[in-house]
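Descriptive structure summary
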Amino acid sequence: MNKKLKIYKIKNEYGVDPRELCDIKEAREMIERVSIYHNLKGKDHMIDSITWNDLEMDEVFHLVNHTRSYAGEQVLYHILHGSETEKRDRIDKEADYFAQNEDERINMELGLMNIGKGYLNYYIPDVIDGFGKILVRNTYIYPLLLIALILSLIGTIFHSSFILFLLVFAIINLFVYLIFKLRFENELTSLGSIREFILFCDNLKKSDKLSELYLTDEDKKKLSRLCKMTKVLELYRQRSMMQNSGNPLGGLLEYLLGITLIDPICCIGVIKRIQAYKDDILDFYELTGWIDMVISVASFRECMDSCKPEIKESGYIECEQIYHPMLKSPVKNDLDMKRNCFFTGANATGKSTFMKALAINVILGETIYTCTADRMTFPDMYVMTSMALRDDVLMGESYYVREIKYLKRMLEVADSGKKTMIVIDEILKGTNTKERIAASRAVLDYLADRNAVVIAATHDMELVEFMDDKYDAYYFDCDIEDGEVKFNYVLHQGKNKVTNAIMLMKGMEFPDVIIGHAIEYSEESVA
């Protein structure tokens with residue numbers, strides 16, 4: 001693709017839903033590779049896997065993921081896990097810069113497109129980290145075998161009997177090369193890609209503003225040292241491209257490099273240099289991914305109706321016109337929490353979706369300083385959920401056992417004193433009504449005295465009444481139109497009086513006497 005076409009593509013794709021620009025099924029299948037860098041960095045102070053899965057954050061990642069390189073994808077995935085929330089102000093300022101400076105953004109995206117998203121490149125962070133552990137023994141063997149091959153070739157010129165020696169050394173060298181390649185396959189494949197992000201970072205020096213923003217004087221010195229390796233690394237890149245293209249010359253080159261042992265000899269030299277500068281190389285890999293991630297955030301903001309949140313030290317959540325970012329035609333709602341709260345209402349009215357919208361937007365605000373709302377204010381806090389529970393047959397755990405474990409992990413974090421947003425959908429619904437209400441009261445009462453913002457959904461109106469002194473109530477309603485239940489997904493403050501079962505019975509035209517008695521009995525049970 002020529003440069004003009006790339007620029008046209010960059011301009012037209014900015015601010016567009018990334019899922020429309022890729023094969024989303026393939027993107028989902030790549031998550032395991034995308035997560036390699038995140039797993040390498042460790043998981044301290046991050047969103048736990050239960051919360052991540054409850055909120056379907058992989059799908060949110062695909063929505064934000066406007067990145068052009070594998071490094072950008074991996075850094076974005078890591079950032080969205082809440083691992084570096086202290087950097088959200090920096091992300092905000094740099095995203096604004098690229099949103100306001102199109103030429104700079106386009107130049108960066110051109111460089112990132114050159115790096116691309118090669119299928120094997122997602123292993124590079126792991127490979128770079130592993131370079132420090134590589135120990136190549138008996139390195140003197142490779143030049144000695146090359147010298148023996150050359151001497152045999154020279155001898156053949158003078159006497160035909162040396163052909164036997166030439167063949168023997170050619171076979172030995174090829175065998176040694178294959179063993180070397182088998183051992184260092186990932187490293188050999190990665191060398192060319194390492195060159196690309198080193199050059200990308202070096203090109204930042206061409207812009208005074210970007211150089212000032214991203215490179216210290218020491219960084220520039222490091223880049224100068226690393227750039228001296230790029231000529232050798234370019235050979236690996238070209239060779240990799242030739243082999244992947246199916247060009248017959250690629251196979252011929254493979255045998256030539258094997259017989260002469262040039263590849264191992266050069267590779268050992270490069271490995272030693274990379275070992276010496278391993279930390280610097282990983283830093284520039286992260287810088288490349290960081291810039292790609294920041295531009296992706298700018299594009300996400302352009303794509304969505306969004307705002308920058310106000311993050312306070314204490315308090316609850318206030319938001320105007322908030323919505324779930326994954327919905328194509330969302331109904332937006334306002335919420336001004338004064339206390340912890342319940343959400344009630346019929347099934348499918350929007351309780352779970354709204355609670356997810358709140359939790360997801362807190363995460364987006366904490367990580368990339370962006371919320372899908374007109375205005376949003378919340379305290380700086382950790383997010384934990386218990387929503388998408390099911391029996392685990394393989395582990396031999398029932399629904400109730402798993403729910404108890406999920407709640408226990410929340411209590412442990414709440415006890416630590418760390419400000420926590422706790423979202424529970426249908427608390428303790430895996431047991432009988434009497435014990436459910438009793439245990440739920442005990443848990444929610446306990447959490448109310450902790451440093452937490454608690455949001456819970458329930459169908460137990462009796463529980464809502466019991467907790468009236470500590471929890472506010474909100475509900476989603478539904479109507480009957482032409483014998484069908486209609487959902488408007490609008491949030492109301494207060495307590496709904498009609499249950500989902502009664503509403504459905506009414507919609508299905510059950511006798512009025514049954515509907516009347518059902519409502520009467522429902523009110524009696526609450527009283």
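This text gives an overview of the structure that appears in the document. (Residues numbered from 1 in each chain as written. Predicted model: local features only at pLDDT ≥ 70, side-chain atom pairs only at ≥ 80, totals over all residues. Heavy atoms only, no water.)

**Considering the pairing of strand S7 (residues 420-425)**
The buried fraction of S7 is high, at six of six residues. Burial of S7 is two-sided: the residues Thr420, Ile422 and Ile424 facing one way and the residues Met421, Val423 and Asp425 facing the other way are all buried. In this sheet, S7 lies alongside strand S6 (residues 382-386) in parallel orientation, the contact comprising five bridges. Bridging from a neighbouring strand, valine 383 pairs with methionine 421 of S7. Here S7 pairs with strand S8 (residues 452-457) via six bridges, running parallel. Residue pairing in the sheet places methionine 421 in a bridge with valine 453 of S8. (Buried < 20%, exposed > 50% of the residue type's maximum accessible area, 1.4 Å probe, protein only. Helix = DSSP H or I, 4+ residues; strand = E, 2+ residues; numbered from the N terminus. Pairing = 2+ DSSP bridges.)

**Brief notes about the environment of isoleucine 106**
With respect to the element layout, isoleucine 106 can be found in helix H9 (residues 102-115). By relative accessible area, which is 6% here, isoleucine 106 ends up buried. Expressed as a C-alpha distance, the spacing of isoleucine 106 and tyrosine 8, which sit 98 residues apart in the sequence, is 9.8 Å. Those residues in contact with isoleucine 106 that sit more than four places away from it in its chain are Ile7, Ile10 and Lys11. (Contact = heavy atoms within 4.5 Å.)

**What about the pattern of salt bridges?**
Summed over the entire model, instances satisfying the criterion amount to 36 salt bridges. Glutamate 59 is the salt-bridge partner of arginine 28, the closest N and O atoms lying 3.0 Å from each other. Of the two residues, arginine 28 sits in helix H2 (residues 24-29) while glutamate 59 sits in helix H6 (residues 57-64), which places them 31 residues apart along the sequence. For arginine 301, the salt bridge goes to aspartate 92, with nearest N and O atoms at 3.0 Å. Of the two residues, arginine 301 sits in helix H19 (residues 278-303) while aspartate 92 sits in helix H8 (residues 88-100), which places them 209 residues apart along the sequence. The residues arginine 301 and aspartate 92 share a single accessibility class, namely buried. Each of Lys9, Glu13, Arg68, Glu102, Arg105 and Glu109 takes part in a single network of salt bridges with overlapping partners. (Salt bridge = Lys/Arg side-chain N within 4 Å of Asp/Glu carboxyl O.)

**Brief notes about the packing of aromatic side chains**
The final tally for this structure, using the stated rule, is 15 aromatic pairs. With centroids separated by 5.3 Å and ring planes inclined at 90°, the aromatic side chains of phenylalanine 61 and tyrosine 77 adopt a geometry described as edge-to-face. Placement of the pair is phenylalanine 61 in helix H6 and tyrosine 77 in helix H7 (residues 70-80), with a sequence separation of 16 residues. One aromatic cluster is present, built from ring pairs that chain together Tyr37, Tyr70, Tyr122, Phe197 and Tyr285. In this arrangement the basic side chain of arginine 105 is found over the ring face of tyrosine 14, its NZ or CZ atom lying 3.8 Å from the centre. Cation over ring: lysine 419 sits above tyrosine 316, and NZ or CZ is 5.8 Å from the ring centre. (Phe/Tyr/Trp six-rings, centres within 6.5 Å; stacked < 30°, edge-to-face > 60°. Lys NZ or Arg CZ within 6 Å of the ring centre and 35° of its normal.)

Purely spatial values, then, with no claim about function.
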